[in-house]
Amino acid sequence: MNDRLKKLLELLQESEKDAFILFAVAKEYEKLNQLDLALNHYQRLYMFHPDYVGLYYHWGKLLEELDDAKKAIEIYKLGIDVSVNQNDKHAEKELRAAKYNSELLL
């Protein structure tokens, strides 16, 4: 465990539902190739903040890395809905492209 992750986990103990911290912890676990822990934190982030549009692209990519393209497509679809509801055209475009590319893996 690196120092950055240690600090983030300490912050998460103080604020277990903080969207930014949950996302940052998931990304740190990915960097350390602890993919199950990263996945767990993306799922927690979704549970507390389903409107956190930045979640869906990274969560889907992790699922692709775990060879679960079907689940990744489901996550991208959820993210597309969130981005449309938030009128976030950039996120919508990225998620649609990721979904399309993931569909090619099937």
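Here, every reference points to the structure presented above.
1. Examining the overall build of the protein chain
Helices and strands together make up the secondary structure of the protein chain, namely six helices and zero strands. In the protein chain, the succession of helices and strands from N to C terminus is α-α-α-α-α-α. In terms of C-alpha radius of gyration, the protein chain reaches 14 Å, essentially the compact-globule figure of 13 Å for 106 residues. Here the protein chain holds 106 residues, and the buried ones make up 40% of them. Once local pairs closer than 6 in sequence are excluded, the contacts in the protein chain between residues at least 24 apart make up 46%. Per element, the accessible surface of the protein chain, about 6400 Å² overall, is 50% carbon and sulfur. In the protein chain, 15 side chains carry a positive charge and 19 a negative one; their mean positions are 3 Å apart.

2. Let's talk about the nonpolar core
Ranked by internal contacts, the top residues of the largest apolar core, which has 30 residues, are Val 25, Tyr 42, Tyr 56 and Trp 59. Mapped by element, the contributors of at least two residues to this core are helix H1 (3-14), helix H2 (19-31), helix H3 (35-48), helix H4 (54-65), helix H5 (69-85) and helix H6 (89-104). At eight residues, H2 tops the list of elements feeding residues into this core. Contact partners of Tyr 42, with chain neighbours within four places excluded, come to Phe 23, Ala 26, Lys 27, Glu 30, Leu 55, His 58, Trp 59 and Leu 62.

3. Topic: the packing of H5 against H6
As a packed pair, H5 and H6 sit with axes 9 Å apart at the nearest point and diverge in direction by 160°. One way to sum up the angle between H5 and H6 is to call them roughly antiparallel. The element H5 and its partner H6 pack so that their crossing is left-handed. When H5 is examined against H6, the residues Ala 69, Ala 72, Ile 73, Tyr 76, Lys 77, Gly 79, Ile 80, Ser 83 and Val 84 are found in contact with a partner set consisting of Ala 91, Glu 92, Leu 95, Arg 96, Ala 98, Lys 99, Ser 102 and Glu 103. Tallied by class, residues from the contact of H5 with H6 come to nine nonpolar, three polar and five charged.

4. With respect to H3
Spanning 14 residues, H3 covers 20 Å between terminal C-alpha atoms, matching the ideal 20 Å at 1.5 Å per step. Summarising the contacts, the buried residues of H3 are in contact with H1, H2 and H4.

5. Considering the packing of aromatic side chains
Per the stated rule, a full pass over the model turns up five aromatic pairs. Centre to centre, the rings of Tyr 46 and Tyr 56 are 6.2 Å apart; their planes meet at 85°, and the pair counts as edge-to-face. Taken together, the positions of Tyr 46 in helix H3 and Tyr 56 in helix H4 put the pair 10 residues apart, joining distant regions of the chain. Note on Tyr 46: relative accessible area 30%, which makes it partly exposed. The rings of Phe 23, Tyr 42 and Tyr 52 are connected pair by pair, giving a single aromatic cluster.

6. Examining the environment of Asp 18
Following the sequence through the fold, Asp 18 ends up in the loop between H1 and H2. Classification of Asp 18 by relative accessible area gives partly exposed; the value is 28%. Once the C-alpha coordinates of Asp 18 and His 49 are considered, the two residues, 31 residues apart in sequence, prove to be 8.8 Å apart.

Rules of the game
Each residue is numbered by its place in its chain's sequence as written, counting from 1. Reporting in this predicted model follows two pLDDT cut-offs: at least 70 for local features of residues, and 80 or more for side-chain atom pairs to be given and counted; totals over whole chains, interfaces and linings ignore these cut-offs and use all residues. Hydrogens and water are ignored here; the side-chain numbers use all heavy atoms of the structure. Counting from the N terminus, the helices are DSSP H or I runs at least four residues long and the strands are E runs at least two residues long. The atom set for the radius of gyration is the C-alpha atoms, and the globule formula is 2.2 Å times the number of residues raised to the power 0.38. Whether a residue is buried, partly exposed or exposed follows from its accessible area with a 1.4 Å probe, protein chains only, as a fraction of its type maximum: under 20%, in between, or over 50%, in that order. For this analysis, residues touch if any pair of their heavy atoms sits within 4.5 Å. Only the protein chains shown count as cover for residues, and the accessible areas themselves come from Shrake-Rupley with a 1.4 Å probe. Asp and Glu count as negative and Lys and Arg as positive, but His and the ends of the chain are not part of the count. Note on charges: their place is set at NZ of Lys, CZ of Arg, CG of Asp or CD of Glu. Put simply, buried Ala, Val, Leu, Ile, Met, Phe, Trp, Tyr and Cys residues joined by side-chain atoms within 4.5 Å make one nonpolar core. For every element, the axis is a line fit to its C-alpha atoms; helices are fit only across the contacting stretch, and the angle between N-to-C directions ranges from 0 to 180 degrees. In what follows, roughly perpendicular refers to angles from 65 to 115 degrees, roughly parallel to angles under 35, roughly antiparallel to angles over 145, and oblique to any angle outside these ranges. Take the far helix as your reference; a near helix turned counterclockwise from it by less than a right angle gives a left-handed crossing, and one turned clockwise gives a right-handed crossing. Under this grouping Gly is polar, as are all residues other than the nonpolar Ala, Val, Leu, Ile, Met, Phe, Trp, Tyr, Cys and Pro and the charged Asp, Glu, Lys and Arg. In this analysis, the expected span of each helix is defined as 1.5 Å times one less than the number of residues it contains. By convention, a stacked pair of Phe, Tyr or Trp rings (six-membered ring in the case of Trp) has centres within 6.5 Å and planes under 30 degrees apart, an edge-to-face pair has planes over 60 apart, and any other such pair is tilted.

Read these as geometric descriptors, not functional statements.
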